[in-house]
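# Per-entry structural report
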Amino acid sequence: MRTRADKLRDLGVRAWAILALIYLFLPIFVIAQFSFNDNRGRFNFTWQGFTLDHWKDPWGVPGLQDAFVTSLTIAAISTLIAVTLGVFLALALVRYRWPGRGVASGLVFLPLATPEVVLGAALLGWYLTLNFARGYAAIVIAHVMFTLGYVVVTIRARLEGMDLHIEEAAMDLGANQLTTIRKITLPLIAPGIAAASLLAFAISVDDFVVTNFTAGQTTTFPLFVFGATRQGVPPQVNVLATGLLVVVIALMFVNLAVQRRAARRDQRAMAQAGA
Amino acid sequence: MSQAGATAPAPALGRRSALRRRRALLPALFVAPGLTWLLVFYAIPVLTQLWVSLQTGNPRDGFTQTWNWDVYPDALSEYHEQLFRSVGYAATATLLCFIIAFPLAYFIAVKAGRFKNLFLLLIILPFFTSLIVRTVAWQTLLSDDGWVVGVFQSLGLVDEGGRLLATRTAVIAGITYNFLPFMALPLYASLERLDRRLVEAATDLYASRWTAFRKITLPLAAPGIFAGTLLTFIPAIGDYINAQLLGTTRQFMIGNVIQSQYIVVRDYPVAAALSFVVMVCVLIILALAVRLIGSRQLSEAAVA
């Protein structure tokens with residue numbers, strides 16, 4: 001039985017949710033809008049007219065392309081390392097019992113609960129103590145460190161949702177553990193690995209704080225933008241940010257579609273196994 | 001959880017123990033690289049902060065270890081204002097996040113039906129653009145001739161000729177924006193898991209909607225509220241981008257001090273001392289949270 005008060009409350013919740021989503025997307029609209037701004041002078045704060053010039057010439061600002069390429073390269077390398085380490089960590093945390101498992105899982109999750117400024121400061125202090133040069137390698141090390149936790153969380157969720165019987169069946173049929181992992185477990189958690197890679201890549205590409213502490217003379221895209229805030233951020237930055245978002249949306253839809261197909265395949269396999 | 005392969009046939013005894021040893025070796029091999037990485041580039045660096053903080057010297061001649069414990073009272077008396085401000089801003093932003101995110105999470109978990117995943121995607125999507133670019137967009141939105149200030153002025157929330165940019169409001173709003181998904185997602189996870197029949201039972205038994213919400217929904221969503229609060233509050237304490245881009249030195253937080261002492265002034269001991277203090281605070285908060293609610297439930301609510 002729904003009273004008028006109930007309906008009113010439903011409407012309120014709905015309106016609130018929509019307002020919250022608008023709030024979330026407000027700056028995104030601004031970013032996209034100002035990528036088309038025909039700004040005069042260095043600053044890109046007031047709307048002065050529509051132009052496609054910046055989209056035609058996204059690299060028209062000295063240093064921007066290098067910074068962008070550096071960011072993508074660092075993200076690719078650190079994602080590769082973090083996902084490799086993370087898959088095995090997640091496997092060991094979910095599929096095996098071993099002494100020290102609790103401590104290990106604490107160590108995996110603690111970086112997620114540490115403020116970024118502390119991560120950056122701690123690494124910088126460590127690099128200074130070791131006289132380790134800041135720059136490319138220092139950034140990659142840092143990015144692997146703080147994306148690893150996210151990778152493990154994502155893959156762990158997929159592993160825990162998996163049907164153990166398939167692995168057990170493989171072993172009962174004489175496959176050893178490594179073969180089982182290679183032929184059964186890894187293919188089944190592939191969507192999780194893809195999601196984890198996307199997440200790690202996105203976090204790494206976007207990182208400012210820790211990178212700022214460990215970069216030395218290297219400039220990544222976020223560092224470039226931050227440096228530009230004082231003299232005015234060029235609209236090309238908006239072009240790249242908008243473009244990157246479009247790519248991420250596309251990748252998400254691909255991942256979603258692949259996951260759906262995998263889920264359907266799992267279901268079919270289960271149905272056949274049951275039959 | 002059953003250990004995979006526990007049912008494997010066991011031939012001779014000697015081979016069996018060798019097999020068991022190999023089986024024990026496998027997880028060790030799996031975790032060794034990842035854990036080593038975290039040990040060398042997370043745990044040891046965090047502890048090294050203590051070592052660095054006790055040194056004295058200057059950036060030109062270098063620093064030497066002098067076990068100068070005075071750095072802690074000195075740094076705290078100089079920067080306690082920023083430290084307290086960080087906690088205050090972070091707490092306010094966390095509360096705002098909760099107020100904004102709870103109805104949103106509730107809507108997605110209970111009312112969104114088959115559009116659930118789409119809405120969840122929409123929550124995280126904005127955060128795939130660069131944080132700095134997003135914050136610069138807030139600069140644009142909140143700027144003195146922007147429409148947001150105009151709306152606030154006509155509502156009487158901002159004085160005529162008053163401003164939003166370079167104020168405490170802007171910094172707290174920026175932090176709120178940044179950490180909203182960290183609040184919304186755990187809230188969603190706990191609300192989604194909540195058995196709606198309990199609420200129906202309560203209302204069938206003549207509890208008002210409000211009583212049912214207070215006595216059933218809120219307590220059952222507690223793990224999510226707890227996890228969301230931690231995930232928002234802790235990183236927010238260390239945030240300095242919002243204060244840097246949306247505020248002035250009068251809104252600077254402890255993160256601003258740490259980064260400028262480390263990177264600009266290069267007074268490493270003071271910077272290390274402050275960051276060590278922040279880390280200790282975080283560990284205390286986490287330990288309290290684990291005591292209160294249990295690590296298993298907490299991490300489940302946080303990552304689900």
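My aim in this report is to walk through the structure given alongside it, one point at a time. Quick caveat: nothing in here was measured; it's all calculated off a predicted structure.

On the side of chain A, 82 residues touch chain B, which itself brings 84 residues to the contact. The junction of chain B with chain A conceals about 8100 Å² of combined surface from both sides, 79% of it contributed by carbon and sulfur atoms. The largest per-residue losses of area from chain B upon contact with chain A belong to F30, W37 and F128 of chain B, which jointly make up 10% of the total buried on that side. Remark: the boundary between chain B and chain A carries 2 salt bridges. Taking the shortest distance from any N to any O, the salt bridge between K111 of chain B and D10 of chain A comes out at 3.0 Å. Here chain B and chain A share 14 residue pairs in polar contact (both at pLDDT 80 or more) between them.

On to the pattern of salt bridges. Taken as a whole, this structure holds 7 salt bridges over all chains when the rule is applied. Where D206 of chain A meets R134 of chain B, a salt bridge forms, and the shortest distance between an N and an O atom there is 3.7 Å. Here D206 of chain A is found in helix α9 (residues 190-206), whereas its partner R134 of chain B is found in helix α4 (residues 131-142) on a different chain. For the pair D206 of chain A and R134 of chain B, a shared accessibility class is recorded, and that class is buried. Across the pair R163 of chain B and D144 of chain B runs a salt bridge whose closest N-O atoms are separated by 3.1 Å.

Here we take up the packing of aromatic side chains. Under the defined criterion, the tally for this structure stands at 25 aromatic pairs over all chains. Taken together, a centroid distance of 5.8 Å and an interplanar angle of 55° make the contact between Y23 of chain A and W138 of chain B tilted. Of the two residues, Y23 of chain A is situated in helix α1 (residues 4-34) and W138 of chain B in helix α4; the pairing between them involves two chains. An identical accessibility class is assigned to Y23 of chain A and W138 of chain B; each is buried. Relative to W67 of chain B, the ring of W51 of chain B has its centre 5.6 Å away and its plane inclined at 80°; by these criteria the two rings are edge-to-face. Pair noted here: W51 of chain B is in helix α1 (residues 13-53) and W67 of chain B is in the loop between β2 (62-65) and α2 (71-111), with a separation of 16 residues, a long-range link. W51 of chain B sits in the partly exposed class, given a relative accessible area of 38%. Here W67 of chain B falls in the partly exposed class, since its relative accessible area comes to 49%.

Further remarks concern the pairing of strand β1 (residues 55-58) of chain B. Remember that side chains alternate between the two faces of the sheet whenever the strand is regular. All names here are of chain B. Here β1 runs beside β2; their pairing, made up of 4 bridges, is antiparallel. The residue bridging T56 from the neighbouring strand is T64, located in β2. The antiparallel pairing of β1 with β2 creates a hairpin that spans 3 residues between the two strands.

Attention shifts here to the packing of α1 of chain A against helix α3 (residues 116-124) of chain B. The interhelical angle for the contact between α1 of chain A and α3 of chain B, taken along N-to-C directions, is 40°, at an axis separation of 9 Å. Judged by the angle between their axes, α1 of chain A and α3 of chain B are oblique. Between α1 of chain A, through L21, L24 and F25 of chain A, and α3 of chain B, the contact on the second element is made entirely by F119, L122 and I123 of chain B. Grouping the constituent residues of the contact of α1 of chain A with α3 of chain B by class yields 6 nonpolar, no polar and no charged.

What follows concerns the environment of R114 of chain B. Mapping R114 of chain B onto the fold places it in the loop between α2 and α3. Separated by 51 residues in the primary sequence, R114 of chain B and L165 of chain B place their C-alpha atoms 40 Å from one another.

With that settled, the discussion passes to unusual backbone geometry. Phi at N131 of chain A is positive, roughly 60°, even though this residue is not glycine. The residue N131 of chain A is located in the loop between α5 (116-130) and α6 (136-160) in this model. Residue N131 of chain A is classed as exposed on the basis of its relative accessible area, which comes to 72%. Phi angles above zero are rare outside glycine, and W67 of chain B is one such case at about 50°.

Criteria and cut-off values
- Residues numbered from 1 in each chain as written.
- Chains lettered and ligands numbered in written order.
- Predicted model: local features only at pLDDT ≥ 70, side-chain atom pairs only at ≥ 80, totals over all residues.
- Heavy atoms only, no water.
- Contact = heavy atoms within 4.5 Å.
- Buried area = accessible area lost by both parts, 1.4 Å probe.
- Salt bridge = Lys/Arg side-chain N within 4 Å of Asp/Glu carboxyl O.
- Polar contact = N/O pair within 3.5 Å; in protein donor to acceptor, adjacent residues only side chain to side chain.
- Helix = DSSP H or I, 4+ residues; strand = E, 2+ residues; numbered from the N terminus.
- Buried < 20%, exposed > 50% of the residue type's maximum accessible area, 1.4 Å probe, protein only.
- Phe/Tyr/Trp six-rings, centres within 6.5 Å; stacked < 30°, edge-to-face > 60°.
- Pairing = 2+ DSSP bridges.
- Axes fitted to C-alpha atoms, helices over the stretch in contact; angles between N-to-C directions.
- Parallel < 35°, antiparallel > 145°, perpendicular 65-115°, else oblique.
- Nonpolar A, V, L, I, M, F, W, Y, C, P; charged D, E, K, R; others polar.

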